[in-house]
Structures are given as structure tokens and as C-alpha cells.
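# Summary of structural features
So you can see what is in the structure, the chains are spelled out below.
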Amino acid sequence: MSALHIAGLVKRFGALTATDDLNLSVAENELHAIIGPNGAGKSTLIGQITGEIQPNSGTITMFHTDVTRWSVPQRSLAGLARSFQITQLCQGFTAEDNVALAIQARQGSSFRFFADARKDRRLRDPARAALARVGLADRADRLVEELSHGEKRQLEIAITLAMTPRLILLDEPMAGMSHDESQKIVALLSSLKGTATIVLIEHDMDAVFALADRLSVLVSGRIIATGTAEEIRVNPDVRDAYLGGDA
Amino acid sequence: MQRGERISQILVALATIALVALPVVAATFGSTYAVTLATRLLIYGMVAVSLDLIIGYGGLISFGHAAYFGLGGYTVAILAFQLAEGVPIFGYDGTNEALVAWPLAMLVSGLAALVFGALSLRTSGAYFIMITLAFAQMVYYVFVALKYYGGDDGLAMARRNTLGGARIVDPQIFYYICLGLLAAVIFLVGRFTRSRFGMVLTGARMNERRMAALGFSVMRYRLVAFVIAGMIAGLGGALWANLARFVSPDMMAWTKSGEFMVMVILGGLGSLFGPVLGAAAFILVESTLSELTEYWQVLFGPVVVLIALFAPRGLWGWLTVRRRGA
Amino acid sequence: MQLLIEQILNGLQLGGTLFLLAAGLTLVFGIMGVINLAHGSLFMIGAYGAAIVAGKTGSWGLGVIAGLAAAALVGVLIELVVIRRLYARDHLYQVLATFGLILFFNGLVAMVVGRAPLLMETPKVLSGFVELLPGIPYPTYRLAVMGVGLAVALGLWFMIARTRVGMLIRAGATHRDMVSALGVDIAKLYTFVFGLGALLAGLAGIVVGPIRSVQVGMGEQVLIMTFVVIVIGGIGSVRGAFVGAMLIGMADTLGRAFLPGLLKMHMSGALADGLAGALSSVLIYIVMALVLVVRPRGLFPVGG
């Protein structure tokens, strides 16, 4: 059973084909990493999975439902959660407010006008729990702009987890983190393995090889290889196009 | 934060006492002008609070808020006019009863806000500003063209609405009605902004992309806020029509929208009480300058420029936040 | 038939005037990201400058020069004093500050010149009629106005597409940091663009002078129409401004000319008059709403 199935996906920007007949299948509860050199088309692919970019052709299926034409919020409510490569937080709100909004999104309509949301324990308790999971418990009441860069990255992940997703899309979650911080995130992700489907886009190869069940290699808008860490390491195409080119 | 909140509470308490006592004090000096002026302040304050909901909290820069103010006023005046003329409108005889006319004014303004909001909110940024302005101008020209209702010259109301059958002739009583309604509006808008709805509205201003990724269709929340603000402005217009016993297209002129915007920013964006303070300051400056010279705009224009350039947080922010570090 | 041709010409003439205003407004927004409500004031200043000097000296040529100079000068002045402090600011403060400028200029003109409208005569050379088609005379002046609009459109296109300044303008809009890194004085470029926009607004005011009366507040009415034009065209697009201006010029002119007649064919006179009056004055907003439903970023969207 596949959590995410992408078939024949094509996205062109003028003369540039950013996604070129891409096929990808991620099994349920798998941690699937996508790696590729800069300019391979990772951002465009993420945009299409989340719904921010509409493909020219092809289909995207989540849990056997065709979501190709769905909006960003619709996909989110269907169980997709994503973290942003460049942090996207509500500046002016506290860390806890940011996580509470993620929880609120999962508790039905927000057309509730009277009760004070900041005093609502159904929002605040799970928000604190999610912050504690990423090690931000003592920063809950800080405004976003008072957090360090690494803390903002952790908050991104706390928000993503608070959405209780079935399919998690992590866009370079470790980018800009210190070694210690990324170690914490690796531990957190491995504890999540088997409970949700995770698509991980990451440049930190140590983390990728340690965590991923399978990897796909994206080059020039196509997946050129998919397999376990061992299979990818020895794949001649990959060595040639990606690792070889890097060395 | 704590300290700022304490100062806010003290300011609100002082303002409440002053506003409640004002007619009594004015009466001892035998001045009805002060009561009329203060009633204007309450009504402008109400409209400014509603505009702050969408600009300050929602980040939606509407430059057409006067349209909803004017529509509310015209609804009340037209209902009274049709009743007096004995000509039914859409099969309805018209009314002079506030309990019917004022909610209808809110309904009409709310419906207009629903239609214009749904169209305008498809866009953002500069487009949104210009489109809200254009729609307001459209409503303005409709009423200029409606000669039956006086066109350019406006439409007079022979007398004030009755409230539950009782007449409201006494300016003091009308003042207290306006004060009560303003308090209700502030209370409700305050609840809205702190509720789940308010968190989504505010969050969408701060980071729309994040809110969409969380699963919020932000446009729907924005539209609801836009309609609520339009309805409150409509109520303000209904009160204004009763205060002046006259409505005219000037109520929805684009300069009026600009003035409401000045009040909000002068008072303080997203500060709930600030816009009332802004309205008070606006009326004070306007009435002082216009006594100085017929061409008071020559003085007022530069004041507005200076506010825009140098006072982004407004009076409320200046009063409550600045002392935090002291 | 004759009436139709006449009205179409009138529509083109209004479109030409609107384009003069829209071009400057859309350039200033496209390049500096500023919403300038005071654009209408520059229109008014151009008209007053020309009307006063032409009235005093009896020379239309001197009037034109005075009007252009006044608009450009005031434009450069407000850019230096106010507008340049707004480039990095939120649209809200741009709207507020330029709203303050409008109040100031309206008050100032009323104080100095008075509130009574000024009349401006058509220049003698252009005061006759031209027989475009046999039996259809059309005022020469209005044709000249159309010609001015067209000439400015061509001139702008040439400047933006073919000259060094135009290249800088195009580059400045998208790669601000790059351009200033290359040693171009961005501040001067901006002042120039704003001054150019002011000049065009002034020119629009001057050519409109003899057609409508010159009075306080003339700028705002036309400003809001100009907003409709650039919203339809796509904010920042000069080409969009041209198409939008023609569309709105036509819609407004033809609507006012023919809607009452059309309605009268289907309903009683008084009702038709009332409805036609309301409908023809809001027609352009309906056109705008329709365009927005189909294309929320205008006909020629700029960037993204």
C-alpha cells in the first residue's frame, strides 16, 4: 500500500522542464529520503506535492486519493504535513501560539468567536507537549523573533508533528542546525519511524543514510534510482550523475 | 507586557469614567455642543474599531470602509423616507423603529461587504487597496445618481428613529445609546480577536503560507472578518444618520475612508481601544484646525504625513508600550 | 452611426488621457513599489499651472511649459521630502502619507487660487473641426489629445525598450541590489522615474483643462478611474496601462452615451433615466470586477 504515489509528473517553467516525467512511490510508514544535487528540481517537486505549484501533467495520489487538483489546505487536512526549508512562522506570536494553531487546524472549524484561544487547554496542553518533544519546552512563551535560528528550525518540526499527520514532508529539516541540534532531530525522527510515512529531503548524508528505509535520487527533474542505502551507494548511475560529479 | 497591560487597563478605566460623566459635566456648563461632538466621537470610534479588525488584525488594507458606513446610514434614512412618503420599497412599508432599521442597516452593509469582499479578497497587496477603493467609489456614484433619494444633495430624516416605540429626542439619551453600543462593539471585537477565529485571522496576516500549510483556507476567515467589520460600520452609519438626521453621498466619499484609516493608525493598529483614541484625536484636531482656518486641510495634510512617517505604532502604542522599558 | 463614431473617438480621447496618468502611476508602483495617491494632485497642479499662466499671458505654449514644469517640480520635491522615506514601508503607510499630501495640495490650491473653477481656452490653432469622414466633423483639439496619448505611449515604449535609462528602469524593478552594486545611483534613478510620472500626470491635467473645468478635487475623481485602469491592466505593466486605459475610456464613454437609449427601449422613461444614470457611472467598476474574476492580477500580470 502506498502513502504517496506520483506518476508521470511534468512541470515546465517556460523552456525549463523542472520536473520531467517523474515517478515515485512511497510505501506506508516508510521513511523515504530524496536526495539530489542543487538544481535537480527538489523545490519544484515539493511544491507540487504540497499543492503550492500545479503540475502541467501527471497525477499525485495520497492514500489512494487523487489530490492533483487539491488546494494546499485541502491536502493538509487530508493528513499531509510539511516543514519549510526556510522557516515559515507567525512572527509576533509565541512559539506556543504557533504550535497551538497547528493543533487548532486539526480540531474542526475555527469559526469559533468567543472563547479565549490562549486559555483553551485543548490547544495549549498538546502544544506544550509538542514543544517538549523537540526540546523547546522552556521557550514556549518566547516570541518567534526572540528564538535563535536553530530553535526556529526545531519549532518548524514541532509544528509539523503537532498536525498529527499521516504523511510528513520534511524539507531539509536539519539545514542550519548545530551538530547537537541535528543529532536530537535524527533521534526524534528515528523514534517516529513506523508510526507515519515520512518523505525526507536532506543534504546531510550521514543523517539520510542512518534514517532512510529507501532513497530516491533526483537528477534533472527525474528519479534516476530508488533503493536501500546500500543499493544506492553502489548504483553506477548515481555514482556517475551525483556522487561522481560531486567528488 | 504586564506593565503595558496595566497601563491599558488604567487608560480604559479613565476613558470610561470620562465618557460616562461627559454629558453630566457638559450639562452643568449648559453645553449641548460638547455632547454632539462626543457622540460623533463615539460613532467614528465604533467605525474605526471595525476597520482595525480588518486592517490591524487581519492585515487587509481596505480603502473603502466608508461605503459600509454610508450604506448603513442610507438604509435607515431610506426606510424612514419610504414610510413618510407612503411608498413601499420592495413591498415593505419602511420603518422608523430603530430595533428594526438598525439591524437592517447592518444587514445591508454586511451583504455589500460579502459581495465586494468576496471579489476583492481574490487579490492582495496593492490590488486589494485599489479595488476596495474602487468598489466604494462605485457605491458612491450609485447614490449620487439616485435622484429619487436626493442624489448629490442627500436625504434628510424628519426625525430620529424611535427605540422600542419611544422617541429619542434628548441628545444625552442618544449619547448613552451610542456609548452602550460602542462598549458592546469593543467587547465583541475584543472577544473575536482573542478567539480561535482571531488567531487564524491574525496568523494569516503574519504568515499566509504557513497558515495554508496548516490547513486553513484563510480567505474564508478574512471574508468573515470583512463582513463583520462592514456590519459594524453599517451600525455606525445608522447612528450617524440619526445624529445628523441627514445622509448624503459624502458619507461614503473616498476621503471619509481615508479619514477612518487615519483614525486607526493614529490610535494604533491592532490595539482594540486605540482606534477610539484615534477618533477622539482626529475630531479634536479637525475641529481645532477648522476653527483656525477655512483651509484647515493645508495644516491637517502635513500632520497626516508626519503620522505615516514617524508614528507607526500610534497613540495607544506610544502610551502603553513606551513606558515598558522605563 | 455618426454619433457612434463620434463617441468612439471620445472614448479613445478619454483613454489617451487616462493612459498619461496610468503610465506614471504604474511605473512608480512597478519600480519603487509605492502606491501614490498624490498622483491626482500632480494632475491638478499641471492643469492649474497651465490655466493660470495661459490665462495671464494669453499664450498657450507658455501655459503648457508652466504646467509641465510645475507638475515635474512638485513631483521631484515630494519624492525628495516624503516618497523616498516610504519605499521600504508597508503599503498602508504609503496610502496614508500620500492621502495627507492630497489634503495638503487641495487645501493649498483652494487657499491660493480659490474654489471657483478656472476656464481654460482651447489653443487657437486647434480650435476648429476636422472632417474625418465625410459629414462627421470632430474637434481638432480632441484629436490632438489622442495624438498626444499615442505619442507618449510610443515614446515610453521606446525609452523603456531601447535606451540606457530604460534598461536601468527594467533592471531596477527586478534586481535593485544588483543595479546599485553596479554603481548606478538608485536614489537618482527613482527620483527621475517619479519626476517622469509627475510630468506625464501634469501633461494629462493640461490637455484635459480645455475639455473639463480646472478645479480643486479634479485629481481624485480621475485618480480612482486610473486605479481601475491599472488594476485591469496589471499593476506595474505599461502595456497593461495602455490596454486598460483604452478599455475604460471606451466603456465609460459609450456607456454614458448609449445606455439610457438602450434601457428606454425596454422600460419607462423615468425609471430608465434613473437606472441608466446609476448604471453608466458604475459600468467601469463592473468591467473591473469581471476582469478580476477571470484574472485576479490583471490582463498583463507583472512578476510571478
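Fair warning: this is a prediction, and the values are worked out from it, not measured in the lab.

Conventions used here
- Residues numbered from 1 in each chain as written.
- Chains lettered and ligands numbered in written order.
- Predicted model: local features only at pLDDT ≥ 70, side-chain atom pairs only at ≥ 80, totals over all residues.
- Heavy atoms only, no water.
- Contact = heavy atoms within 4.5 Å.
- Buried area = accessible area lost by both parts, 1.4 Å probe.
- Salt bridge = Lys/Arg side-chain N within 4 Å of Asp/Glu carboxyl O.
- Polar contact = N/O pair within 3.5 Å; in protein donor to acceptor, adjacent residues only side chain to side chain.
- Helix = DSSP H or I, 4+ residues; strand = E, 2+ residues; numbered from the N terminus.
- Nonpolar A, V, L, I, M, F, W, Y, C, P; charged D, E, K, R; others polar.
- Axes fitted to C-alpha atoms, helices over the stretch in contact; angles between N-to-C directions.
- Parallel < 35°, antiparallel > 145°, perpendicular 65-115°, else oblique.
- Left-handed = near helix turned anticlockwise from the far one by under 90°.
- pLDDT = per-residue confidence, 0-100.
- Patch = residues over 30% accessible without salt bridge, like charges linked within 9 Å, V, L, I, M, F, W, Y side chains within 5 Å.
- Areas by Shrake-Rupley, 256 points an atom, 1.4 Å probe, with all protein chains shown as cover.
- Buried < 20%, exposed > 50% of the residue type's maximum accessible area, 1.4 Å probe, protein only.
- 1 Å grid on protein atoms, 1.4 Å probe; cavity = no way out; pocket = protein on both sides within 12 Å on 5 of 7 lines; lining within 4 Å.
- Points joined across faces, edges and corners; volume = space filled by probe spheres on them.

Here we take up the interface of chain A and chain B. If you look at the interface, chain A gives 37 residues, while chain B gives 26 residues. Roughly 2900 Å² is buried in total at the junction of chain A and chain B, and carbon and sulfur atoms are behind 63% of that figure. Three residues stand out in chain A for area buried against chain B, namely A:Phe111, A:Phe113 and A:Phe114, and they jointly supply 22% of the buried area on that side. Viewed at the interface, chain B and chain A are joined by four salt bridges. Notably, a salt bridge pairs A:Glu156 with B:Arg210, separated by 2.9 Å at the nearest N-O pair. Counting across the interface, chain A meets chain B through 19 residue pairs in polar contact (both at pLDDT 80 or more). Sorting the residues of the side of chain A that touches chain B by element identifies α2 (72-77), α3 (95-105), α4 (121-133) and α5 (149-162) of chain A as the ones contributing at least two each. Broken down by element, the residue count for the side of chain A that touches chain B peaks at five residues, all from α3(A). Classifying every residue of the side of chain A that touches chain B gives 18 nonpolar, eight polar and 11 charged.

If you want to describe how two helices pack, look at the angle between their axes and the distance between the axes. Residue and element names in this part refer to chain C. Where helix α9 (residues 218-233) contacts helix α10 (residues 238-264), the two axes come as close as 7 Å, and the packing angle between them is 125°. On the basis of the axis angle, α9 is oblique to α10. Pair α9 / α10 crosses with right-handed handedness. Residues Met225, Val228, Val229, Ile232 and Gly233 of α9 form the contact with α10, whose participating residues are Gly240, Ala241, Gly244, Ala245, Leu247, Ile248 and Asp252. Taken together, the residues that form the contact of α9 with α10 break down as eight nonpolar, three polar and one charged.

A few words on the confidence of the model for chain C. Residues and elements named next belong to chain C. Per-residue confidence for chain C averages 88 on the pLDDT scale, and 96% of its residues sit at or above 70. When pLDDT is averaged over each helix and strand of chain C, the minimum, 69, is found for helix α7 (residues 176-181) and the maximum, 95, for helix α3 (residues 60-81). Predicted complex, confidence summary: ipTM 0.91, pTM 0.92.

What follows is about a nonpolar patch on the surface. All names here are of chain B. Nonpolar side chains collect at one region of the surface, where Tyr92, Leu99, Val100 and Leu163 lie side by side and expose about 320 Å² of accessible area between them. Summarising the element assignment, Tyr92 is placed in the loop between α3 (65-85) and α4 (98-120). For Tyr92, a relative accessible area of 34% corresponds to the partly exposed category.

Residues and elements named next belong to chain A. For the coordinates displayed, the defined rule picks out 26 salt bridges over all chains. Taking the shortest distance from any N to any O, the salt bridge between Arg82 and Glu52 comes out at 3.7 Å. Here Glu52 lies in the loop between α1 (42-50) and β4 (57-62) and Arg82 lies in strand β6 (residues 80-83), a separation of 30 residues in the sequence. We classify Arg82 as buried; its relative accessible area is 7%. With a closest N to O distance of 3.9 Å, Glu146 and Arg142 form a salt bridge. According to the relative accessible area criterion, Glu146 is partly exposed, its value standing at 42%. With a relative accessible area of 38%, Arg142 lands in the partly exposed category. Salt bridges sharing partners connect three or more residues here, namely Glu96, Asp97, Arg118, Arg124, Arg128 and Asp141.

It is worth spelling out empty space enclosed by the protein at this point. All chains considered together, the criterion is met by two cavities of 30 Å³ or more. If you add up the space inside the largest cavity, you get close to 60 Å³. Lining the largest cavity are A:Thr50, A:Glu52, A:Val72, A:Ser76, A:Leu80, A:Ala81, A:Arg82 and B:Ala213. Going through the elements one at a time, α2 and β6 of chain A are the ones with two or more residues in the lining of the largest cavity. Looking at the lining of the largest cavity, the element that brings in the most residues is β6(A), giving three residues. Partitioning the lining of the largest cavity into residue classes produces four nonpolar, two polar and two charged. Taken as a whole, the second largest cavity encloses approximately 40 Å³ of empty space. Looking at the lining of the second largest cavity, the elements with two or more residues in it are α3 and α5 (125-145) of chain B. Ranked by residue count, the leading element in the lining of the second largest cavity is α5(B), at three residues.

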